[in-house]
Amino acid sequence: MSITSLQAGVNTASDMATGSAGPKLQKRRRSRVGLAMVSPSVLALLVWMAVPLAMTIYFSLIRYNLLYPGDNEFVGLENFYYFLTDEGFVAGAFNTLWLVLSVLAISVVAGVLIAVLVDTPFFGRGIVRVMLISPFFIMPTVSALVWKNLLLHPVSGVLAAVWRFFGATPIDWFTDYPLQAIILIVSWQWIPFAVLILMTAMQSLDQEQKDAARLDGAGPIAIFWHITLPHLARPIAVVIMIETIFLLSIFAEIFTTTGGGPGYETTNLAFLIYSQALLQFDVGMASAGGLIAVVIANIAAFMLVRMIGKNLTDKA
Amino acid sequence: MANLTIRNLKKVFEGIEIIKGIDLDIKDHEFVVFVGPSGCGKSTLLRLIAGLEEVTSGHIHLDDKEITDMAPAKRDLAMVFQTYALYPHMSVKKNMSFALDLAGVAKSEVESKVSEAARILELDHLLERKPKALSGGQRQRVAIGRAIVRQPKIFLFDEPLSNLDAALRVQMRLELARLHQELNATMIYVTHDQVEAMTLADKVVVLNGGNIEQVGSPLELYRHPVNQFVAGFIGTPKMAFLNAQVKASDAASVTVALDSGPVYTLPLDGRTVKVGDVVTFGVRPEHIQVADAGVSEFSVKLDVTEHLGADTYCYVKAPNGETLTVRASGDYMGRYGQEVSLVPELAHCHLFDAEGRAIPKPGAPAQAA
Ligand SMILES: Nc1ncnc2c1ncn2[C@@H]1O[C@H](COP(=O)(O)OP(=O)(O)O)[C@@H](O)[C@H]1O
Ligand SMILES: [Mg+2]
């Protein structure tokens, strides 16, 4: 339930971004036949979106705990109050923010560097490109499990073997650095996306511009700063926007590795809502959390669109 | 000073020789145009001079300095690209000052050089704009401005006008000629358009398939093409080529019988051909007159006529199917299919031997191909 409502939030956010609702409305007024024709799908969409949203709002306003069946009396904004003052909320909000920002920074920086490196021709470039993209196609649960059991495991993991080889004590990643470990896994999944977008963008960089810069006395580093990076500004904005929307709702990686722990150390908002609803069976509070998450996602999307969207629609 | 010397320059791309041994001297203040059909290696030659491509073999000297393997920025050359290659995120001013900023030139000096270039190119009011807010001609000028501020020894232009519309192209052509005078600079200019070559150049270098066909002033190329390729490439409409056979030849004249009928005696040095040789008779449209049928022995049929106002181009067909173009006066009225006869000015006609080499005029020093 909470995840669906979060998705609904994302949908509304993207609607706002494209601003497509206005002209559609006008057209509808113009043509009655058109109205009749589209009404079934509009209705279906309304039901699809509005019913879960309405139910979420309704649940968030009543006392509804599966462990204490009884009359679900109306409690006003009590659920919201408890969710916001829950000790998990501050940690969840902070972890969400930290997770999103770290993964964005890592994937954009690594994505730019890899895209630039792969742009110069070398033997086997095609295969390297495919391999660079492939982590993106692995299911989050699977990659989280691979990382947990094969790479980061303190006893049987590859990294532990490396540590032992150099005579160091293996690190128990999910105990000592749980959030960092999750950031590592999520970054590994999202770097390929950044690489894919930026690699494609690199191909549209005008070769003559680089030649001109070389004649102007720019070395490889100056060309990177003054020509390549400005050229990538727009695709980087796209990467940041799309990644943010998905990173706000990271769940599977946390669920399969740390389960939100130790304590609240790896609990983000999506996981907090899940634990309210399904571990504590408090549907009312989970719904309130879901709505709060929708609001947060919308705020984030709105700010991103304000910051980056202008840059995107402003055609060269 | 800017004397460029190129010796036996070769460039191989992926096992294919694109530049096949070029020897060329370019003198200070000269406006040199490389002209040739698309794909003949003009841009490659220019990029070799600029240092943007690595030389396979051969040498390039600028004055007394060998620059064959020098980094592009150190060569004291500036290039204007066909696509302008402006930096899209920088203002016009920043585009022009980029090279100087990188070189660490003092701010005040950069400022004065940029505003001087902007004045010459009439870009003063556009300095704060981004390239995308400029028209094609303005972008072109910014690209030239970027070259000017560096005060290079040689300016390199790679088809700088080919992205402009026809009217603007003529205007920019004049501006380039003016700029050459004003800056008193050495310029190398690449184009596939022989009109640009003829109008701008002090010296034209005709390239074909990675080789130099001929080097000379525009009029030299027009009057004395050394081979059939140059003869066909320079001049519009193209020179007509008709098959012929040598009937008699001596040091001062060659008599040929055209396959299409007439027999002509041309004032050429015929010692390199003998009777019976198959040759090609070349005549430019402006060196033939159209006359009524029966006036001369060269009778042809009118095909299409094009009225350009001042001139009329008549496309005519000889009895053996060969076609040629004739330039007549603007008020010439010919009907499609009409029988007419042609009178070539034999002093301006050319003969080419079986290898395409021109048969020289008497007394003219034989030019190396
Ligand atoms: N970087 C390159 N790699 C391989 N072949 C090239 C390269 N640059 C140019 N060529 C080839 O060299 C020939 C000449 O090209 P170019 O100098 O651009 O001709 P143009 O006279 O039209 O400017 C063309 O056949 C082209 O395919
Ligand atoms: Mg070219």
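The rules behind the values
Residues numbered from 1 in each chain as written. Chains lettered and ligands numbered in written order. Predicted model: local features only at pLDDT ≥ 70, side-chain atom pairs only at ≥ 80, totals over all residues. Heavy atoms only, no water. UniProt positions renumbered as here; feature names shortened; annotations may be inferred. Core = buried A, V, L, I, M, F, W, Y, C linked by side-chain atoms within 4.5 Å. Buried < 20%, exposed > 50% of the residue type's maximum accessible area, 1.4 Å probe, protein only. Helix = DSSP H or I, 4+ residues; strand = E, 2+ residues; numbered from the N terminus. Contact = heavy atoms within 4.5 Å. Domains from an automatic or database assignment. Buried area = accessible area lost by both parts, 1.4 Å probe. Salt bridge = Lys/Arg side-chain N within 4 Å of Asp/Glu carboxyl O. Nonpolar A, V, L, I, M, F, W, Y, C, P; charged D, E, K, R; others polar. Near = heavy atom within 4 Å. Polar contact = N/O pair within 3.5 Å; in protein donor to acceptor, adjacent residues only side chain to side chain. Areas by Shrake-Rupley, 256 points an atom, 1.4 Å probe, with all protein chains shown as cover. Pairing = 2+ DSSP bridges. Axes fitted to C-alpha atoms, helices over the stretch in contact; angles between N-to-C directions.

Per an unreviewed UniProt entry, the recorded name for chain B is Sugar ABC transporter ATP-binding protein, and the organism is Marinobacterium zhoushanense.

An unreviewed UniProt entry lists chain A under the name Sugar ABC transporter permease, with Marinobacterium zhoushanense given as the organism. Note on chain A: under the UniProt heading Subcellular location (unreviewed entry), the record states "Cell membrane". Taken verbatim from the UniProt record of chain A, the Sequence similarities (unreviewed entry) comment is "Belongs to the binding-protein-dependent transport system permease family."

Draft legend 1. A look at the nonpolar core. Grouped together as the largest cluster of nonpolar side chains are 79 residues, with contacts concentrated most on Leu4, Ile22, Phe34, Leu156 and Ile188 of chain B. A total of 12 residues in this core trace back to one element, the largest contributor, which is helix α10 (residues 178–203) of chain A. Sequence-distant contacts of Ile22 of chain B, that is, excluding residues within four places in its chain, are made with Ile6, Arg7, Asn8, Leu9, Leu45, Leu207, Gly210, Asn211 and Ile212 of chain B. Judged by nonpolar contacts, the second largest core, of 46 residues, contains Val114, Ala143, Ile148 and Tyr189 of chain B.

Draft legend 2. Focus on the domain arrangement of chain B. All names here are of chain B. Per the domain assignment, the segments of chain B are domain 1 (4–231) and domain 2 (237–352). Centre-to-centre, using C-alpha coordinates, domain 1 lies 39 Å away from domain 2. Contact with domain 1, which involves seven residues of that partner, is made by eight residues of domain 2. The contact between domain 1 and domain 2 buries some 630 Å² in all, and 54% of this surface belongs to carbon and sulfur atoms. If you sort the residues of domain 1 by the area they bury against domain 2, Tyr222, Gln228 and Ala231 come out on top, with a joint share of 81%. Remark: the boundary between domain 1 and domain 2 carries zero salt bridges. Counting only elements with at least two residues in the side of domain 1 that touches domain 2, the list comes to α7 (218–223) and α8 (228–233). Ranked by residue count, the leading element in the side of domain 1 that touches domain 2 is α7, at three residues. A class-by-class count of the residues in the side of domain 1 that touches domain 2 yields four nonpolar, two polar and one charged.

Draft legend 3. Examining the site of ligand 1 more closely. All names here are of chain B. Close contacts around ligand 1 come from Phe13, Glu14, Ile18, Ser38, Gly39, Cys40, Gly41, Lys42, Ser43 and Thr44, and that covers them all. Within the backbone of Gly41, one N or O atom sits 3.0 Å away from an oxygen atom of ligand 1. Within the side chain of Ser43, an N or O atom sits 2.5 Å from an oxygen atom of ligand 1. Burial of ligand 1 by the protein chains amounts to 61% of its free accessible area of 560 Å². A total of three residues in the shell around ligand 1 trace back to one element, the largest contributor, which is helix α1 (residues 42–50). Looking at the shell around ligand 1 residue by residue, the class counts come to three nonpolar, five polar and two charged.

Draft legend 4. Here's a closer look at the sheet that holds strand β11 (residues 240–249) of chain B. All names here are of chain B. In spatial order, the strands read β13-β12-β11-β14-β20; together these five strands make up an open sheet with antiparallel pairing. Looking at the sheet topology across the chains shown, the edges are occupied by β13 (263–266) and β20 (350–352). Taking the axes of each pair of neighbouring strands and ignoring which way they run, one obtains an average angle of 40 degrees across the sheet. Taken together, the four bridges between strand β12 (residues 254–258) and β13 define a ladder with antiparallel strand orientation. Residue pairing for β13: Val256 is matched across the bridge by Tyr264.

Draft legend 5. Structural context of the interface of chain A and chain B. Across the contact, 18 residues belong to chain A and 23 residues belong to chain B. Contact between chain A and chain B buries roughly 1,700 Å² in total, counting both sides, with carbon and sulfur atoms accounting for 59%. On the chain A side of the interface with chain B, the three residues burying the most area are Glu208, Leu215 and Asp216 of chain A, jointly 41% of the side's total. Viewed at the interface, chain B and chain A are joined by two salt bridges. Of the charged contacts in the structure, one is a salt bridge between Arg150 of chain B and Asp216 of chain A, with a shortest N-O distance of 3.6 Å. Secondary structure elements with two or more residues in the side of chain A that touches chain B: α11 (207–215) and α12 (220–247) of chain A.

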